[in-house]
Amino acid sequence: MAVSRTLSFGVSRHQDIPVAGWPEILCRALSAGLGSAVEPLLAQDYADLLKNVIEGKADLAWLPPLLHARAAEQGARLVAVPERSGWLTFRSALLVRKDDPVQSVQKLSGVRAAWRDKSSASGYLFPRLDIVAVGAPAEKAFSSETFYGSVKTAAEAVVRGEADLCTCYVSDAAAYDPQRANEEIARALGPLANSLRVLHVTESIPPDGFVIAPRVGDAEQRAVGEALLKMHTTEEGRTALRDVLNADRLAPVTEKLTRSLNSWAEAARRRV
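Rules of the game
- Residues numbered from 1 in each chain as written.
- Predicted model: local features only at pLDDT ≥ 70, side-chain atom pairs only at ≥ 80, totals over all residues.
- Heavy atoms only, no water.
- Helix = DSSP H or I, 4+ residues; strand = E, 2+ residues; numbered from the N terminus.
- Rg over C-alpha atoms; globule rule 2.2 N^0.38 Å.
- Buried < 20%, exposed > 50% of the residue type's maximum accessible area, 1.4 Å probe, protein only.
- Contact = heavy atoms within 4.5 Å.
- Areas by Shrake-Rupley, 256 points an atom, 1.4 Å probe, with all protein chains shown as cover.
- Lys, Arg positive; Asp, Glu negative; His and termini not counted.
- Charge placed at Lys NZ, Arg CZ, Asp CG, Glu CD.
- Axes fitted to C-alpha atoms, helices over the stretch in contact; angles between N-to-C directions.
- Parallel < 35°, antiparallel > 145°, perpendicular 65-115°, else oblique.
- Left-handed = near helix turned anticlockwise from the far one by under 90°.
- Nonpolar A, V, L, I, M, F, W, Y, C, P; charged D, E, K, R; others polar.
- Salt bridge = Lys/Arg side-chain N within 4 Å of Asp/Glu carboxyl O.
- Pairing = 2+ DSSP bridges.
- Disulfide = S-S within 2.5 Å.

Asks: In this structure, what is going on with the overall build of the chain? I would like to understand it.
Replies: Per the secondary structure count, the chain includes ten helices and eleven strands. Its C-alpha atoms give the chain a radius of gyration of 18 Å, within 12% of the compact-globule value 19 Å for 272 residues. Expressed as lengths along the three principal axes of its C-alpha atoms, the size of the chain is roughly 60 × 35 × 30 Å. Expressed as a percentage of the 272 residues in the chain, the buried residues total 52%. Nonlocal contacts in the chain, meaning residues at least 24 apart in sequence, comprise 78% of its contacts between residues at least 6 apart. When the accessible surface of the chain is totalled, it reaches about 12100 Å², and 48% of it is carbon and sulfur. Charged side chains of the chain number 33 positive and 33 negative; the gap between the two group centres comes to 2 Å.

Rendered as structure tokens:
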């Protein structure tokens, strides 16, 4: 079924993708599956993106795990999550300068952290929780915490010596393969990666996902959901999956996954 109107696809400036025109690439992929127009709606940050979804300015959006859980609590519907090398989860690598003497996350103290966005699972929430869980309490672990908005800008701060620690998304498979982790970090950070090393890799992080706004009707919800789950069947979709999402396909949201996400979101709220 084609949707008879132009849909707005919400994304955030803090979704730091190293590909020119990536919002348009995503929109073309969805449009190819729907047979109707889709236009990007670029939010200033993740909080603004969530607001756009709940208020109906965006018909659908790509959100990190904590925010799609919050969106679902307010009537939005999570319909698809990326599958990457057979995994629905991903991880975050904590990075320090290569000449930094610290050798374990347990030894971190008085760190100047360069985070991405307060709603980012890999760029703030999970790395911070890991540091506090295995090392010093937050008031001792960090001397400062600054949000830079992008992975590269945070990494630049560490390379310049303005901060001590930053993060970078890595796949779940990379947690067991240091060479793959380094390749993924180099792909995300470019030459900056040459000055950094991996200090720690977090536990698995629940998947990011695609949500449909509460105001979208049932028929349009079904059409959008089907188009997302069939994205890997079109040339435009395969391009978006490979270049933007770093994924093989989009997987459906099962009842088991929903229970797991709800449990994680509740635990995260208690800890942050």
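Text resumes after the structure shown.
Asks: Is there a simple way to explain the packing of helix H2 (residues 46–55) against helix H3 (residues 65–73) in this structure?
Replies: A packed helix pair is summarised by two numbers, namely the angle formed by the two axes and the spacing between the axes. The interhelical angle for the contact between H2 and H3, taken along N-to-C directions, is 25°, at an axis separation of 10 Å. Here H3 runs roughly parallel to H2, going by the angle between their axes. As H2 runs across H3, the sense of the crossing is right-handed. From H2, Tyr46, Ala47, Leu50 and Ile54 reach across to H3, where they touch Leu67, Arg70 and Ala71. A class-by-class count of the residues in the contact of H2 with H3 yields six nonpolar, no polar and one charged.

Asks: Which parts of the structure should I look at to understand the pattern of salt bridges?
Replies: For side chains of opposite charge, pairing can occur when their charged atoms come near one another. In total, this model carries 14 salt bridges according to the counting rule given. We note a salt bridge from Glu83 to Arg249, for which the minimum N-O separation is 3.0 Å. Residue Glu83 is located in strand E4 (residues 77–83), and its partner Arg249 is located in strand E11 (residues 249–252); the two are separated by 166 residues in the primary sequence. For Glu83, a relative accessible area of 17% puts it in the buried group. You can call Arg249 partly exposed: its relative accessible area is 31%. If you follow the salt bridges from partner to partner, you end up with Arg5, Asp59, Arg215 and Glu220 in one network.

Asks: I tried to follow the sheet that holds E4 on my own but got confused; where do I start?
Replies: To summarise the sheet geometry, strands pair through backbone hydrogen bonds and adopt either a parallel or an antiparallel arrangement. As summarised here, the arrangement of the six strands in space is E2-E1-E3-E10-E4-E11, forming an open sheet in which the pairing is mixed. Of all strands in the sheet, those bounded by a partner on one side alone are strand E2 (38–43) and E11. Averaged over all pairs of adjacent strands, the angle between their axes in this sheet comes to 30°, without regard to strand direction. Note: strand E1 (residues 7–12) against E2, six bridges, orientation parallel. Bridging across to E2, Val11 finds its partner in Leu42. Across the face of the sheet, H3 comes into contact with strand E3 (60–63), E4 and strand E10 (209–212) while running at roughly 140° to E3. Against the sheet, helix H8 (residues 218–229) engages E1, E3, E4, E10 and E11, with an angle of about 5° to E4.

Asks: How should I be thinking about the packing of helix H1 (residues 22–34) against H8 in this particular structure?
Replies: Relative orientation of the contacting elements H1 and H8 amounts to 115°, with a least axis distance of 8 Å. In terms of their interaxial angle, H1 and H8 are classed as roughly perpendicular. For the pair H1 and H8, the crossing hand works out as right-handed. Listed contacts from H8 to Leu30, Gly33 and Leu34 of H1 are Ala223, Val224, Ala227 and Leu228. A per-class count over the contact of H1 with H8 returns six nonpolar, one polar and no charged.

Asks: How should the state of the cysteines be read in this particular structure?
Replies: By definition, a disulfide links the sulfur atoms of two cysteines through a covalent bond. What the rule picks out here adds up to zero disulfides. Here Cys166 stays unpaired: no disulfide links it, and the sulfur of Cys168, its closest cysteine neighbor, is 7.9 Å away. On the basis of relative accessible area, Cys166 is assigned to the buried category, the value being 0%.

Function cannot be inferred from these measures alone, as they are strictly geometric.
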